[in-house]
Amino acid sequence: MGVFDRVEKKLEGAVNGVFARAFKGDVQPVEITARLQRELDAEAKLLTRERRLVPNDFTVQLSRHDHDRLAPYSKMLNSEVIPQLNEYAASKGYIFNGPVTIDYQLDASLPTGRFTVRSAAVAGVDGSDASATQIRRAALVLEVNGVRHPLSPPGLVIGRGTEADLRINDPGISRKHARIVVQGDGDSQLIAIEDLGSTNGIVIDGQRVRHAPLGAGSRIEIGSTRMSITSPSSNV
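Positions within a chain are numbered from 1, following the residues in the order the chain's sequence is written. Whole-chain, interface and lining totals are the exception, using all residues; otherwise, since this is a predicted model, local features are given only for residues with pLDDT of at least 70 and side-chain atom pairs are given and counted only at 80 or more. The basis for every side-chain value is the complete set of heavy atoms in the structure, and neither hydrogens nor water enter the calculation.

J.: What should I look at first to understand the pattern of salt bridges in this one?
T.: Between side chains of opposite charge, a pair can form as their charged atoms come close. A carboxyl oxygen of Asp or Glu within 4 Å of a side-chain nitrogen of Lys or Arg is what we treat as a salt bridge. According to the stated counting rule, one finds six salt bridges in the structure shown. Two residues, Lys 92 and Asp 41, come together in a salt bridge whose shortest N-O distance is 3.3 Å. Remark: Asp 41 occurs in helix α3 (residues 29-43) and Lys 92 occurs in the loop between α5 (74-91) and β4 (94-95); sequence separation between them is 51 residues. When its relative accessible area of 22% is taken as the criterion, Lys 92 is described as partly exposed. With a 1.4 Å probe rolled over the protein chains alone, any residue whose accessible area is under 20% of its type maximum counts as buried; one over 50% counts as exposed, and the rest are partly exposed. Taking relative accessible area as the criterion, Asp 41 reaches 31% and is therefore assigned partly exposed. For Asp 195, the salt bridge is made with Arg 210, and the minimal N-O distance between the two is 3.5 Å. A helix here means a DSSP run of H or I that spans at least four residues, while a strand means a run of E at least two residues long, and both kinds are numbered starting from the N terminus.

Dropping the structure here:
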């Protein structure tokens, strides 16, 4: 038995036993773990010859019946599944942007015994410790993975290295990838982004650029991370 087979068997064994007995006849946790494993294989994106980026954020959508039965066990289940997914990823040369998270949601349109999985590669972000007041007072904010960073002069450097103001743990992002330049305040504020000689470049509103003005609604793609410029008062 090869290493991949051993990891797969271990993954299955970790979620059998009490879980299988609890959900006999319904969605089995082993089915979910096998589906998450296939999701890693299907969504793996080549970074180098030996390294591939895979999703680390999963949403499992369940029927009402299955959700009601599985949700109370979700923390226990994840405590077994997540370490095994990490081991499986390591065995295949997969890397995650950040910690693995699995959320279980209700989808009333699904019949009992059926489920779907959504996934995304969500990077861990280290940046400013801005207060809620600072965010509200900003004319515009940069939103990354649901976290808002106020845009104030002179701006900020985005990258993967320690020198960046906004550090994003995305292997597709260079150590110093791009700079957002902010000039002025309020309605007269001017914002632009410039590439700092990155390996993979930047994409603004679907167009690859080296330098571009930014405003409310601008969509930025750097590596596999998407971010946007928005008003602090807009809904997340």
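J.: What is the right way to read a positive patch on the surface from this model?
T.: In this analysis, a patch consists of residues with relative accessible area above 30% that form no salt bridge, clustered at 9 Å for like charges and at 5 Å for the nonpolar side chains Val, Leu, Ile, Met, Phe, Trp and Tyr. Exposure was quantified through the Shrake-Rupley algorithm and a 1.4 Å probe, taking into account, for residues, occlusion by the shown protein chains and nothing else. Charged residues are defined narrowly, with Lys and Arg counted positive, Asp and Glu counted negative, and His plus the chain ends left uncounted. By convention, charge coordinates are those of NZ in Lys, CZ in Arg, CG in Asp, or CD in Glu. A surface patch of positive charge is lined by Arg 51, Arg 160, Arg 167 and Arg 175. With respect to the helices, strands and loops of the structure, Arg 51 is situated in the loop between β1 (45-46) and β2 (52-53). When its relative accessible area of 37% is taken as the criterion, Arg 51 is described as partly exposed.

J.: Looking at this structure, I do not really get the packing of aromatic side chains. What am I missing?
T.: Each aromatic ring pair is characterised by the separation of its centres together with the angle its planes make. Between the rings of Phe, Tyr and Trp (Trp by its six-membered ring), a pair exists once the centres lie within 6.5 Å; its type follows the angle of the planes, with under 30 degrees stacked, over 60 edge-to-face, and the other angles tilted. Tallied over the full model, the rule gives one aromatic pair. Ring geometry for Tyr 88 and Tyr 94: centres 6.4 Å apart, planes at 65 degrees, overall edge-to-face.

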